[in-house]
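So you can see what is in the structure, the chains are spelled out below.
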Amino acid sequence: MIRRITGWFNRHPRATLGALLAGPLGWISVVYLGSLLILLMHAFWSKDSFTGKVEPFNWTLDAFVQIFSNPVYFTIAARTIGIALLVTISAAAIALPVAYYMARIASPRKRALLLVAVTMPLWASYLVKIYAWRTILQTNGLLGWAISPFGLEGPGLTEIANSWLVLTYLWLPYMILPVYAGLERIPNSLLEASADLGGRGWITFRRVIFPQLIPALAAGSIFTFSLSIGDYIVPDLVSDAKFIGNVIYDNSALGSFPVAAAFSFVPIVVMIGYLLFARRLGAFESL
Amino acid sequence: MVESPLVRAALRIFTGAVMVFIYLPLVILAVYAFNASPLGGWPPSGFTLDWFGEAAGSPAIRDALANSLTVATISTLLALILGTLAALAMQRYSFFGKNSISFLFVLPIALPGVVTGISLQSSFKLFGIDLGLHTIVIAHATFCVVVAYNNVVARLRRLPRSPEEASADLGADSWMTFRRITLPGMRTALLSGGLLAFALSFDEVIVTLFAAGPGARTLPIWVFSELQRSYQLPVVNVVALLLVLVSVIPVWIAQRIGGGEIARGGR
């Protein structure tokens, strides 16, 4: 029986391809694309004002009106995008020297060790890392204890700067790894040429190395930016300033899917815009 | 280019400081798990193993652990099957629309998790599907497919085609060739892809919160709801340590057996 079936597939390679693709493609199309489509439709569906139930295929722009008429939504969107940009910039600023040390100064043994050291925390439970920062940042935590001799107090768990710090911490390895790979790709001869032509350290870095690293930085920034813009756990647990994700989550918890769906357009549109921008910088060749 | 000794020293010190920054929170966490005081202030007041016993005895934690293991196992198996089929199709055939399809497989991790979460939840609700462990499995399998897919594709790219051709020349049909030649060649890639998918599922919280019903708590969801309370149980520290170990150990093993996709962190 199996022989007959495989024989038939042997003679029909297109059918084999179809059989291979049917499962995974069907899953992603139905479960993922289907849900995405349903989410986008929810944004244009009305809600019964009395029972609060969503009325499918009852088209309206109410959800968008609600978002545009309340300036809080704009503040939250601007805050989220602003913090995501800050996280990206600070991650890049920390990643550049570290990646430079790993690629150009550290011995091969140390380099391998550092690579593992940077990669492993990516897998060490996201939630637990946020929790660890909570214990450090709370008023009676490690930070407060360390700065108390100077008459200072711990930041507590309300500051918006906490979100900036913790998000930078979480996504830093995503920036270090592509920048390191980008530095590895720059041939030594190029740097020697720059030195021969009289370019000293800083000039060589600014005029030769940095321009070549832009695709790698853009690739890393896709992760730092996208993961920050969609986060709602960090702002919830270390500060009291809400992000886009908190609005989406809170509205979905209240059953208010049209508003949650309409506000989801913000991260989707911003991310598509950001991906197009990053592609122009050559990010996709560095992923 | 030769950096001046001063620059080299400065870079070394900076890198060292960043490594401390990266690992300090994890060390603090491990210390807290053995802290005698139930209040979470610094410095710790003494050493105890009591919280480990308390965590092991808590039915809520045991249920959450069992749920997490069930969800991670089933979604890993689903992701491995779907990811391998997709990898075989994408690596062994060329066809119209191939690029769009490979883009489709990475979409669930390219778009922010909150979008994936709310999408799945709104369609579960629309079709009247009750939220529970099964909906968490559906959500996890969706974003784990790409991990399995990436690992298997990377392996297939490196596997030489000649043994498969030889097998066909010697009269083996395609099923026999797959079972005797291709599958053994992919074995370690399947193992490491599976371990990575397992670690990703075991730890996930952003999408899971949307897909989980009131009764279905995974371990990260249990931790999250504890953290939202004003008074936290000290056993949270023990569970947190457990979460770190269960997510790091599979990745460490995957790296030992040569997984290709560890650097991406799976997200």
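The structure under discussion appears in the preceding block.
In this report, the structure presented in the accompanying data block is examined.

Let us look at helix α10 (residues 201-229) of chain A. With 29 residues, α10(A) extends only 36 Å from end C-alpha to end C-alpha; this falls clearly short of the ideal 42 Å at 1.5 Å per step. Of all bends in α10(A), the biggest is about 45°, found at A:Phe210, and the proline A:Pro211 comes one to four residues later.

The next point concerns the interface of chain A and chain B. Listed by partner, the interface residues are 92 residues for chain A and 87 residues for chain B. Together chain A and chain B conceal approximately 8,300 Å² of surface at their shared face, both sides included; 76% is due to carbon and sulfur atoms. Between the two partners, chain A and chain B, sit 0 salt bridges. Across the contact surface, chain A and chain B share 16 residue pairs in polar contact (both at pLDDT 80 or more). Looking at the side of chain A that touches chain B element by element, the count peaks at 20 residues for helix α2 (residues 13-42) of chain A. Of the residues that constitute the side of chain A that touches chain B, the class distribution is 63 nonpolar, 20 polar and 9 charged.

A word on the packing of helix α2 (residues 50-57) of chain B against helix α11 (residues 235-256) of chain B. All names here are of chain B. Between α2 and α11, the least distance of the axes is 8 Å, while the angle of their chain directions is 80°. In this view, α2 runs roughly perpendicular relative to α11, as classed from their interaxial angle. Listed contacts from α11 to Trp51, Phe52, Glu54 and Ala55 of α2 are Val235, Val238 and Leu241. When the residues that make up the contact of α2 with α11 are grouped by side-chain class, the tally is 6 nonpolar, no polar and 1 charged.

Another point: the packing of helix α7 (residues 162-169) of chain B against helix α8 (residues 174-203) of chain B. Residue and element names in this part refer to chain B. Between α7 and α8, the shortest axis-to-axis distance is 10 Å and the interhelical angle comes to 150°. For the element pair α7 / α8, the angle class is roughly antiparallel. Note on packing geometry: the crossing formed by α7 with α8 is right-handed. Contact with α7, carried on its side by Pro163, Glu164, Ser167 and Ala168, involves Thr177, Ile181 and Thr182 of α8 and no other residues of that element. Counted by class, the contact of α7 with α8 contains 3 nonpolar, 3 polar and 1 charged residues.

Calculation criteria
- Residues numbered from 1 in each chain as written.
- Chains lettered and ligands numbered in written order.
- Predicted model: local features only at pLDDT ≥ 70, side-chain atom pairs only at ≥ 80, totals over all residues.
- Heavy atoms only, no water.
- Helix = DSSP H or I, 4+ residues; strand = E, 2+ residues; numbered from the N terminus.
- Expected span 1.5 Å × (residues − 1).
- Bend = angle between axes of the 7 residues up to and from the residue.
- Contact = heavy atoms within 4.5 Å.
- Buried area = accessible area lost by both parts, 1.4 Å probe.
- Salt bridge = Lys/Arg side-chain N within 4 Å of Asp/Glu carboxyl O.
- Polar contact = N/O pair within 3.5 Å; in protein donor to acceptor, adjacent residues only side chain to side chain.
- Nonpolar A, V, L, I, M, F, W, Y, C, P; charged D, E, K, R; others polar.
- Axes fitted to C-alpha atoms, helices over the stretch in contact; angles between N-to-C directions.
- Parallel < 35°, antiparallel > 145°, perpendicular 65-115°, else oblique.
- Left-handed = near helix turned anticlockwise from the far one by under 90°.

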